[in-house]
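Structural features, examined
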Amino acid sequence: MGLTMKRTLINELKQHLGQEVLVQGWVQEVRNLSKIKFVILRDRTGDMQTLALQTDTEPDSFALIDTLTKESVVEIIGIPKENKESRWEIEVLIKKLSIISMAEVPLPTDNTDKSQTQIDKRLDYRFLDVRNVKKNAIFKVRSKLVKIVTNFFDKNGFTNINTPKMTTIGVESGAELFEVNYFGKPVYLAQSPQVYKQMFVVGGFERVYEIAPVFRAEKSHTMRHLTEFTGVDFEMGFIQDEHDVMDFIEKMVKDLLKNVKKEAAAELGMLGVELSLPKKIPRLTMAAAKKLLAEKGKTFSEDADLDSESEKLLGELIKEKYNSEFVFITNYPWAVKPFYHMKSEKFPNTTKSFDLLYNGVEIASGSQREHRVEVWRAQAREKGLDPATMTKYEELFRYGCPPHGGAGFGLDRITHRLLKLDNIREAVLLPRDPERVSP
Ligand code: 4AD
Ligand code: MG
């Protein structure tokens, strides 16, 4: 059966009213009222009620429905008909049903909307978890985000690059590196494509981006940290200063929200998310941000970074003051940023850097990079690094290097904030954290 008939998807049934079709999918639910039996079927396009009647359905198929378990894979030959009373408005009258793969009972997790299954168990059985349409919708939105940013980079003259994930270089901070045994020699999992993206700006591409895994050996157990995440990194040459990078990000964020609102309308609706489109994204220096926080009784020393609590509070203050869900915090203290950031002349002891906060969570960090080799060397030394141990990085600035800058976003963080999920793990199919490296 099914060999000569072409499969019809659930969302195409409307165009086949009254005609015999073949549908295939998972059994979401069975309701057996003896003379009439309902099977709710689900495929990648949605769900649909199908029904079997003693008078119309082949007797073997009619009997088979009694043995059906939830989440089994079946195929049905039947006829779609209008039914204004059903929430689907159409239903499929089953002529023949066959089981392709019977699901065992009980299922290890409950993937219905009312599920009480804990997140750990759900992640252990993620392939069952995402059969729930709402869980599935998160990844449909995430997939659109990738498509939309990719288009945006492409339209703006960026070249997509792929850089090694096994490397000897770590520049964000030494402590976060995962060591790997590379034929008896220690190497690291890339904690950022930072050096490589600069390398290919210098290589003449001028504008490059990469969407790829990033590894951080951070033992943090928070709702926003993972040990492996997907970085959306870009770098651009011939900038005036870090504001050019922020201008680009502002355009990118606007384009992203506008298009995801349009292209993932159904999924956003299903998840109950209403997106408001950003207007102008305010830019506040770190010093100004600290002043705002001080008014609320949160004080920091000049050299300190913000903690996540203050970022959250700042998010609320910005929403109140500027009616914006986004804010750039600029000019981070030199003390808390990596050595490759260019120092600010305008604001001493700060860098030409910024973080982008979305609903009170950092989703991106960026800066203008130091491209003058003598200054670069001095800054490395100032941070206690020996330039002689980083000759491959240093060489980038010795043979013709334009002023440049860029930023890195966490795709998981964007998804997490955009959909207002309470845990970043909900935005990743198979999250990695200090306790979880399987499946
Ligand atoms: O702020 P980070 O560490 O910056 C860099 O990696 C720089 N190379 C970027 C640049 O071009 N200057 O990481 C960039 C972004 C963060 O803003 C955050 O969204 C995400 O990556 N991120 C994490 N996401 C999940 N789990 C973690 N442990 C993360 N660490 C950073
Ligand atoms: Mg950062």
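In case you missed it, the structure is sitting above this.
What counts, and at which threshold
Residues numbered from 1 in each chain as written. Chains lettered and ligands numbered in written order. Predicted model: local features only at pLDDT ≥ 70, side-chain atom pairs only at ≥ 80, totals over all residues. Heavy atoms only, no water. Phe/Tyr/Trp six-rings, centres within 6.5 Å; stacked < 30°, edge-to-face > 60°. Lys NZ or Arg CZ within 6 Å of the ring centre and 35° of its normal. Helix = DSSP H or I, 4+ residues; strand = E, 2+ residues; numbered from the N terminus. Contact = heavy atoms within 4.5 Å. Polar contact = N/O pair within 3.5 Å; in protein donor to acceptor, adjacent residues only side chain to side chain. Expected span 1.5 Å × (residues − 1). Pairing = 2+ DSSP bridges. Axes fitted to C-alpha atoms, helices over the stretch in contact; angles between N-to-C directions. Core = buried A, V, L, I, M, F, W, Y, C linked by side-chain atoms within 4.5 Å. Buried < 20%, exposed > 50% of the residue type's maximum accessible area, 1.4 Å probe, protein only. 1 Å grid on protein atoms, 1.4 Å probe; cavity = no way out; pocket = protein on both sides within 12 Å on 5 of 7 lines; lining within 4 Å. Points joined across faces, edges and corners; volume = space filled by probe spheres on them. Nonpolar A, V, L, I, M, F, W, Y, C, P; charged D, E, K, R; others polar. Salt bridge = Lys/Arg side-chain N within 4 Å of Asp/Glu carboxyl O. Near = heavy atom within 4 Å. Areas by Shrake-Rupley, 256 points an atom, 1.4 Å probe, with all protein chains shown as cover.

Take the packing of aromatic side chains next. This structure, assessed with the given rule, holds 19 aromatic pairs. Of the aromatic side chains, those joined through ring pairs into one cluster are Phe 152, Phe 153, Phe 158, Tyr 209, Phe 234 and Phe 248. When the ring centre of Phe 62 is taken as reference, the NZ or CZ atom of Lys 37 above it lies at 3.8 Å.

One can find Arg 7 in the segment before strand E1 (21-32). Separated by 24 residues in sequence, Arg 7 and Arg 31 have C-alpha atoms that sit 24 Å apart. The contact partners of Arg 7, leaving out residues within four places of it in the chain, are Glu 12, Leu 22, Gln 24, Asp 43 and Arg 44. At a separation of 3.0 Å, a polar atom in the side chain of Arg 7 contacts the main-chain carbonyl oxygen of Gln 24.

So, on to helix H6 (residues 242-263). With 22 residues, H6 extends 31 Å between its outermost C-alpha atoms, agreeing within 8% with the 32 Å of an ideal straight helix rising 1.5 Å per residue. Of the residues that open H6, the one with a side-chain oxygen 2.9 Å from the backbone nitrogen of His 243 is Asp 241.

Reading around the barrel, the five strands line up as E1-E2-E3-E5-E4 and close back on themselves, with mixed pairing between neighbours. Averaged over all adjacent pairs, the angle separating strand axes in this sheet is 55°, with direction ignored. In terms of strand pairing, E1 meets strand E4 (residues 73-82) through six bridges, oriented antiparallel. Within the sheet, the bridge partner assigned to Val 21 lies in E4 and is Gly 78.

Core analysis: the biggest nonpolar cluster contains 44 residues, and Phe 153, Phe 234, Ile 249, Val 260, Leu 356, Phe 409 and Leu 418 have the highest contact counts within it. The set of elements that each furnish at least two residues to this core consists of helix H4 (133-155), strand E11 (228-237), H6, strand E13 (326-330), strand E14 (353-358), strand E15 (361-368), strand E16 (404-410) and helix H12 (411-418). Ranked by residues supplied to this core, first place goes to H6 with nine residues. Ranked by size, the runner-up nonpolar core spans 20 residues in total, among them Phe 62, Leu 68, Val 74 and Val 92.

What follows covers empty space enclosed by the protein. To locate leftover empty space, one rolls a probe as large as a water molecule over the atoms. Under the criterion given, the structure shown has two cavities of 30 Å³ or more. Considering the residues around the largest cavity, the lining is formed by Thr 167, Ile 169, Gly 170, Val 171, Gln 191, Ser 192, Pro 193, Gln 194, Val 195 and Tyr 196. Take the lining of the largest cavity: its biggest share by element is three residues, from helix H5 (residues 194-205). Of the residues assigned to the lining of the largest cavity, the class counts are five nonpolar, five polar and no charged. A volume near 50 Å³ is recorded for the second largest cavity. Around the second largest cavity sit Met 252, Val 253, Leu 256, Leu 257, Phe 326, Tyr 358, Ile 363, Phe 409, Ile 414 and Leu 418, which together line it.

Moving on: the pattern of salt bridges. For the structure shown, the criterion picks out 37 salt bridges. In this structure, Arg 7 and Asp 43 form a salt bridge, with 4.0 Å as the shortest nitrogen-oxygen distance. Of this pair, Arg 7 sits in the segment before E1 while Asp 43 sits in strand E2 (residues 36-43), and the two are 36 residues apart along the sequence. Arg 7 gets classed as partly exposed once you look at its relative accessible area, which sits at 32%. On the accessibility criterion, Asp 43 (5% relative accessible area) is buried. Measuring nitrogen to oxygen at the nearest pair gives 2.8 Å for the salt bridge that ties Asp 233 to Lys 197. Of the two residues, Asp 233 is situated in strand E11 and Lys 197 in helix H5; the sequence distance between them amounts to 36 residues. Three or more residues are tied together by salt bridges with common partners; here these are Asp 247, Glu 250, Lys 254, Lys 280 and Arg 283.

Turning to the site of ligand 1, a few remarks are in order. Taken together, 25 residues form the shell around ligand 1, and within it Glu 172, Arg 216, Glu 218, Glu 362 and Arg 369 come nearest. Within the side chain of Glu 362, a nitrogen or oxygen atom sits 2.5 Å from an oxygen atom of ligand 1. Gly 410 has a polar backbone atom sitting 3.1 Å from an oxygen atom of ligand 1. Computed on the free molecule, ligand 1 has an accessible area of 630 Å², of which 92% lies beneath the protein chains in the complex. Those elements that place two or more of their residues in the shell around ligand 1 are H5, E11, E15 and E16. Residue classes in the shell around ligand 1 are distributed as eight nonpolar, eight polar and nine charged.

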